[in-house]
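# Geometric and topological summary
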Amino acid sequence: MDRNPSPPSPTNGDEGEEEVVGGDCIGSTVYSKHWLFGVLSGLIQVVSPENNTSSLDDEEQQQMELDEEMENEICRVWDMSMDEDVALFLQEFNAPDIFLGVLAKSRCPRLREICVGILGNMACFQDLCMSISTDKNLGQVLLHCLYDSDPPTLLETSRLLLTCLSQTEVANIWVERIRDHPAIYDSICFIMSSSTNVDLLVKVGEVVDKLFDLDEKLMLEWIRNGAVQPPDQPQEDSEEQQVFRIVPCVLEAAKQVRSENLEGLDVYMHILQLLTTVDDGIQAIVQCPSTGKDTWNLLFDLVCHEFCQSDDPPIILQEQKTVLASVFSVLSAIYALQVELEYLKIESVDLPLIDSLIRVLQNMEHCQKKPENSAESNPEETKKSDLSQDDFHLKILKDISCEFLSNIFQVLTKETVAKGLKEGQLSKQKCTCAFQNLLPFYSPVVEDFLKILHEVDKTLAGDLEESFPSLKVQT
């Protein structure tokens, strides 16, 4: 389970600590109940009415800094809350209600971040996650944190949401809660389209990916949210009039994380792939020419100039297999519509795509070769499980790649094949790899391609027929 990173420890770790003895220990830990009581009591004082600084205006309160000693102590609690005994003790002491008060009243960004972070750690434990999730007031306040302007608070809120959405017992509670708050869509889209904080973008992307995976109805609502804006309405005149559309926001976030975080790019590519599973999602990608071009250009550039390049070791495919599967899946969906979409009739896309797809299939053959003594060298069940998971993802990538390759083969002309042979995208070795992977499921496609090849290079066509006798009878 994803936990918040340990916050910085106080500079003097032993200062102010009391000796922990007997019944003062929290569970099996060495942490002091008495000390923790003191910290939580201090939090209550921070947000109590008599301590509110009414002389400060709203802007000054928003920038209010946390007392250094209080910050050090509450950061220790944040760190300690990763321990289940401590998390359970916090629950018994009604700490979530204290944090609820802090989040509802405090104008201190750092204090709000820490309180959400502690709740996020507590939510990593199933029973506590259920308790936090079923608290309606706390749920409302936590979702309201998504409107915060403080990136660290947004990051911790996103971590907490993802933790809850990952637990099947409470996931639907949060999905329904989010559906009841349409403004969350605008807030998340604003983050994706404008933030430069890569960690925040990745975590928000994971939340969106999880939401779409859990609830298609929510995904459709979010797809349609930006579809009501008139196409000629200017967006730059007023931020208040801006209507966010999900696809441009996802693309902007993907561009931001692209060079810094492969896992983050993987998440955003999977969001696009999920969008293509419904007709409204495909239309959201291709209907607007600028969005369709932007999507195509980004994904085409990834597969042709960044992923799985000719000078990369074949094993690189293991790192890129899931993101490539998503990218090829989305490109294939757009490619299937290119006849209807004049703006996507880009010249010379077929051969570069064929080259990338075949290279992926060639590298896949290398990755799937088992070491001779693999059973002896990796006897642990965990290793076998990992290998099985890798094979599963490679199979998905192979299926998507073969389907996409077959679609391209179907539209190849004699001129394109001749150019491919001249430039090397359709060499004997690459054609052999393509045939090995496309047969027997795409036999008609291979046979039609071979007929064209006979007109361009009879020698190569004859060699391939010798290598694949089943085709010789058909031609």
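Refer to the structure above for everything that follows.
To start, this report covers the structure provided alongside it.

### Digging into the overall build of the protein
Within the protein, the regular secondary structure consists of 26 helices and zero strands. When the 475 residues of the protein are sorted by exposure, 48% land in the buried category. By sequence separation, contacts in the protein at least 24 residues apart represent 76% of the contacts at least 6 residues apart. In the structure as shown, the protein presents an accessible area of about 23500 Å², 47% of it carried by carbon and sulfur atoms.

### Notes on the nonpolar core
Of all hydrophobic cores here, the largest spans 155 residues; its most connected members are Met192, Trp222 and Phe435. If one sorts the elements of this core by residue count, helix α18 (residues 316–335) sits on top with ten residues. Look past the residues within four positions of Met192 in its chain and what remains in contact with it is Leu201, Val204, Val208, Ile246, Cys249, Val250, Glu252, Ala253 and Tyr268.

### What to know about the packing of helix α5 (residues 95–105) against helix α6 (residues 109–122)
At a minimum axis separation of 9 Å, α5 and α6 run at an interaxial angle of 150°. Viewed along their axes, α5 and α6 adopt a mutual orientation that is roughly antiparallel. Here α5 and α6 pass one another in a crossing that is left-handed. Contacts between α5 and α6 involve Pro96, Phe99, Val102 and Leu103 on the former and, on the latter, Leu111, Arg112, Cys115, Val116, Ile118, Leu119 and Met122. Each residue belonging to the contact of α5 with α6 can be placed in one class, and the counts come to ten nonpolar, no polar and one charged.

### As for the side chain of Arg179
With respect to the secondary-structure elements, Arg179 resides in helix α10 (residues 168–179). Arg179 sits in the buried class, given a relative accessible area of 18%.

### Brief notes about unusual backbone geometry
Residues Leu439 and Pro440 are joined by a peptide bond in cis, for which omega reads 0°. Along the chain, the position of Pro440 falls in the loop between α23 (428–438) and α24 (443–456). If you check the backbone angles, Asn94 has positive phi at about 60° while not being a glycine. Along the polypeptide, Asn94 turns up in the loop between α4 (84–92) and α5.

### Side note on the side chain of Thr157
On the secondary structure map, Thr157 appears in helix α9 (residues 151–165). Overall, Thr157 belongs to the buried group, its relative accessible area being 2%. Within the structure, Thr157 has its side chain in polar contact with the backbone oxygen of Thr153 (distance 2.7 Å). Apart from residues no more than four positions distant in its own chain, Thr157 is found in contact with Val116, Leu142, Cys145 and Leu146.

### Looking at α18
At Thr322, α18 shows its maximal bend, which comes to roughly 50°. For α18, the tally of buried residues reaches 16 of 20 residues, placing the bulk of the element in the interior.

### Quick word on the packing of aromatic side chains
Two aromatic rings are characterised by how far apart their centres lie and by the angle between their planes. Taken as a whole, this structure holds eleven aromatic pairs when the rule is applied. Taking 4.6 Å as the distance between ring centres and 25° as the angle between the ring planes, the aromatic pair formed by Phe409 and Phe449 counts as stacked. Remark: Phe449 occurs in helix α24 and Phe409 occurs in helix α21 (residues 381–410); sequence separation between them is 40 residues. Judged by relative accessible area, which is 1%, Phe449 ranks as buried.

### Details of the environment of Ile74
Assignment of secondary structure puts Ile74 in helix α3 (residues 68–80). Along the chain, Ile74 and Ile114 lie 40 residues apart, while their C-alpha atoms are 7.4 Å from each other. Ignoring any residue separated from it by four or fewer positions in sequence, one finds Ile74 in contact with Val39, Leu43, Leu66, Ile114 and Ile118.

Scoring rules and cut-offs
- Residues numbered from 1 in each chain as written.
- Predicted model: local features only at pLDDT ≥ 70, side-chain atom pairs only at ≥ 80, totals over all residues.
- Heavy atoms only, no water.
- Helix = DSSP H or I, 4+ residues; strand = E, 2+ residues; numbered from the N terminus.
- Buried < 20%, exposed > 50% of the residue type's maximum accessible area, 1.4 Å probe, protein only.
- Contact = heavy atoms within 4.5 Å.
- Areas by Shrake-Rupley, 256 points an atom, 1.4 Å probe, with all protein chains shown as cover.
- Core = buried A, V, L, I, M, F, W, Y, C linked by side-chain atoms within 4.5 Å.
- Axes fitted to C-alpha atoms, helices over the stretch in contact; angles between N-to-C directions.
- Parallel < 35°, antiparallel > 145°, perpendicular 65-115°, else oblique.
- Left-handed = near helix turned anticlockwise from the far one by under 90°.
- Nonpolar A, V, L, I, M, F, W, Y, C, P; charged D, E, K, R; others polar.
- Polar contact = N/O pair within 3.5 Å; in protein donor to acceptor, adjacent residues only side chain to side chain.
- Bend = angle between axes of the 7 residues up to and from the residue.
- Phe/Tyr/Trp six-rings, centres within 6.5 Å; stacked < 30°, edge-to-face > 60°.

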